[in-house]
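# Descriptive structure summary
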Amino acid sequence: MTHDLSRLGWDEFFASAYRPRSRTDTAAARVLRADRGVCTVFGASGTLRATLAGGVLLDSSGDPARLPCAGDWVVIRHWPDRRVTVESVLPRRTTLIRRTADKDSSGQVLAANMDTVAVVEPMHPAPDDARVERLLSLAFDSGAAPLLVLSKSDTCADPEAIAGQFAGLAPGVPVLPVSVPAGTGLAGLRERVAPGRTLALLGRSGAGKSTLVNMLAGGDVMPVRQIRADGKGRHTTAYRNLVPVPGGGAVLDTPGIRGVGLLDTGSGLDRTFADIADLAALCRFADCRHGAEPGCAVRAAVHDGSLSVRRLESWRKLQHEVAVQSSRQAVRLRSADRRQRPS
Ligand SMILES: Nc1nc2c(ncn2[C@@H]2O[C@H](COP(=O)(O)OP(=O)(O)OP(=O)(O)O)[C@@H](O)[C@H]2O)c(=O)[nH]1
Ligand SMILES: [Zn+2]
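Criteria and thresholds
- Residues numbered from 1 in each chain as written.
- Chains lettered and ligands numbered in written order.
- Predicted model: local features only at pLDDT ≥ 70, side-chain atom pairs only at ≥ 80, totals over all residues.
- pLDDT = per-residue confidence, 0-100.
- Helix = DSSP H or I, 4+ residues; strand = E, 2+ residues; numbered from the N terminus.
- Contact = placed C-beta atoms within 7 Å.
- Buried ≥ 20, exposed ≤ 12 C-beta atoms within 10 Å, placed from the backbone.
- Arc of directions from axis to C-beta.
- Core = buried A, V, L, I, M, F, W, Y, C linked by C-beta atoms within 7 Å.

Mean pLDDT for the protein chain: 86, with 84% of residues reaching 70 or above. Of all secondary-structure elements in the protein chain, the lowest mean pLDDT belongs to helix 10 (residues 309–340), at 77, while strand 9 (residues 145–151) reaches the highest, 97. Of the regions scoring below 50 in pLDDT, residues 225–238 engages in 22 contacts with residues more than four places distant in sequence or in other chains. Across the predicted assembly, pTM comes out at 0.85 and ipTM at 0.91.

Looking at helix 6 (residues 209–217), one finds that the buried residues are K209, S210, L212, V213 and L216. The buried residues of helix 6 occupy an angular sector of 160° when the element is viewed end-on, so they sit on one face. Among the structural elements, strand 8 (116–122), helix 5 (186–190), strand 11 (198–203), strand 12 (241–244) and strand 13 (250–253) are those in contact with the buried residues of helix 6. At the C-terminal side of helix 6, G218 shows a positive phi close to 70°.

Quick look at unusual backbone geometry now. Along the chain, H124 connects to P125 via a cis peptide bond; the corresponding omega equals -5°. With respect to the helices, strands and loops of the structure, P125 is situated in the loop between strand 8 and helix 3 (129–141). A positive phi angle, near 55°, is found at K152, a position not held by glycine. The residue K152 is located in the loop between strand 9 and helix 4 (159–167) in this model. K152 sits in the buried class, given 26 other C-beta atoms within 10 Å.

Bringing the nonpolar core into the picture now. L148 and L202 are the most contacted members of the largest nonpolar core, which totals 73 residues. Of the residues forming this core, the biggest block, six residues, is contributed by helix 3. Among all residues touching L148, those that are not within four sequence positions of it are V119, E121, V132, L136, F166, A170, V173, V175 and L176.

Right under this line is the structure:
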């Protein structure tokens, strides 16, 4: 049986970058899961295991972000001894990337080529505004369309009221209350895994991501562990997996990530905090720090109650984090530059 890869998102964008050396023993495939040196890929003939070819290893030796990750489209090669290798990674249309814990500047690519990134935040225990803002910034930076999923909506009395409160956290981002047992909001998720479309789920451990993947895939493809009484989920998903949706596109689970760091890569922060960015543009001084300056539109909004102190502080904190990270990166680049120059 041959699978139609366009259902999994293969399109003109990738086809135009696909230049195989030979037409007979190479083919395109999508990475379902990437482990050290080995990938599980989905090609026209179904699921295969493929090892990384020397060229891919060489290419990524200086930059681990170039290693294949879940969601990537790759060129695979079939060898006479039945081995399969990943020969190259096709350019990514979108990338979900976080700063790595070791404060490395390159970042870790969590997933590639998704059309929507859903930030999944559970309604129970109480949803956390600052975490949602942080993850939405990451979602915006990916280049995909962000979505806020408020999961486990069956656990609270008035999910619509909570959804209304959260709408203010990301102006313009759709907010979708979802409950798997009650069947709420599922149509809104299904349309984002229609044929050719890929949805990535991003959220803390225990947010209910695996439960959503299993619902969309129509079977138990991801392990769901019983949650503890205090509402804290234990870490169950240890890897990132792209799961084809029967009759549709694909859904991508990311492990419940703790403290994802933002990279100074895009406009995600400004887009998540578009309300504050708009206000800042109205400040009298272009370099206003929204402290004691006269004519500060940001402070005026806090004063009249239209902007919460909490949100302003959350924005400042994330901005500071990104600034520290990019100055570290600048220092590193400068010292790398010195090392390269003959003295
Ligand atoms: N009441 C209710 N419970 C849910 C819902 N969705 C998930 N849960 C429960 O929440 C717990 C955690 O769900 P998981 O799907 O494992 O969460 P996860 O986000 O995948 O967690 P990690 O794999 O650790 O990242 C499980 O006990 C689920 O049964 C829901 O819609 N309503
Ligand atoms: Zn100001």
